Amino acid sequence: MKLSPCATAPQDEKVPVSAGCRRNAQRIGQNPNCLCAVLLSDTAKLSGVKPQVAITIPKRCNITKLPADYVCGPCTIP
């Protein structure tokens, strides 16, 4: 899975989430632990991902299968 469709969405909450990013978020969002690992990975950090913004992508994509108040490192899935 490529993270490039999500290049700007995890850096700014006001940036619309692209269709490619939405598809990837739906796929990876099936497993909250996997989603958390990706968001906190060194690759994500080197790409400029802000975990506190990236964690909002599932909600911005209307992904409702994630548990409410799931804690991911320093962030909580809203």
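Residues numbered from 1 in each chain as written. Predicted model: local features only at pLDDT ≥ 70, side-chain atom pairs only at ≥ 80, totals over all residues. Heavy atoms only, no water.

(A) Looking closely at the environment of L35. Structurally, the position occupied by L35 is in helix α2 (residues 32-39). Here L35 falls in the buried class, since its relative accessible area comes to 6%. Residues L35 and C72 lie 37 residues apart in sequence; the distance between their C-alpha atoms is 8.7 Å. (Helix = DSSP H or I, 4+ residues; strand = E, 2+ residues; numbered from the N terminus. Buried < 20%, exposed > 50% of the residue type's maximum accessible area, 1.4 Å probe, protein only.)

(B) View of the state of the cysteines. A full pass over the atoms with the stated rule returns 1 disulfide. Sulfur of C34: no disulfide; nearest cysteine sulfur belongs to C36 and is 9.9 Å away. Here C34 falls in the partly exposed class, since its relative accessible area comes to 34%. Of all cysteine sulfurs, the one in C21 lies closest to C61, which takes part in no disulfide; the gap is 5.7 Å. (Disulfide = S-S within 2.5 Å.)

(C) Focus on the environment of K50. The topology assignment puts K50 in the loop between α3 (42-46) and α4 (51-54). Using a relative accessible area of 39% as the deciding quantity, one classes K50 as partly exposed. As for K50 and L40, which are separated by 10 residues in sequence, their C-alpha atoms are 9.0 Å apart. Contacts of K50, omitting those with residues within four sequence positions, involve P10 and Q11. (Contact = heavy atoms within 4.5 Å.)

(D) Quick peek at the nonpolar core. I28, L35, C36, L39, A44, V49, A54, I55, Y70, C72 and C75 form the largest nonpolar core, which has 11 residues in total. Ranked by the residues each element gives to this core, the list is headed by α2, at 3 residues. Ignoring anything within four residues of it in the chain, the contact list for A44 reads V38, L39 and V49. (Core = buried A, V, L, I, M, F, W, Y, C linked by side-chain atoms within 4.5 Å.)

(E) Representation of the confidence of the model for the chain. Looking at the chain as a whole, its pLDDT mean stands at 82, while 88% of the residues score no less than 70. When pLDDT is averaged over each helix and strand of the chain, the minimum, 73, is found for strand β2 (residues 75-76) and the maximum, 87, for helix α1 (residues 19-28). (pLDDT = per-residue confidence, 0-100.)

(F) A look at α2. Residues of α2 that are buried include every one of P32, L35, C36 and L39, and no others. Take α2 and look down its axis: the buried residues cluster within an arc of 100°, on one side only. For α2, the side-chain oxygen to backbone nitrogen distance between the N-cap and N33 is 3.0 Å, and the N-cap itself is N31. (Arc of directions from axis to C-beta. Polar contact = N/O pair within 3.5 Å; in protein donor to acceptor, adjacent residues only side chain to side chain.)

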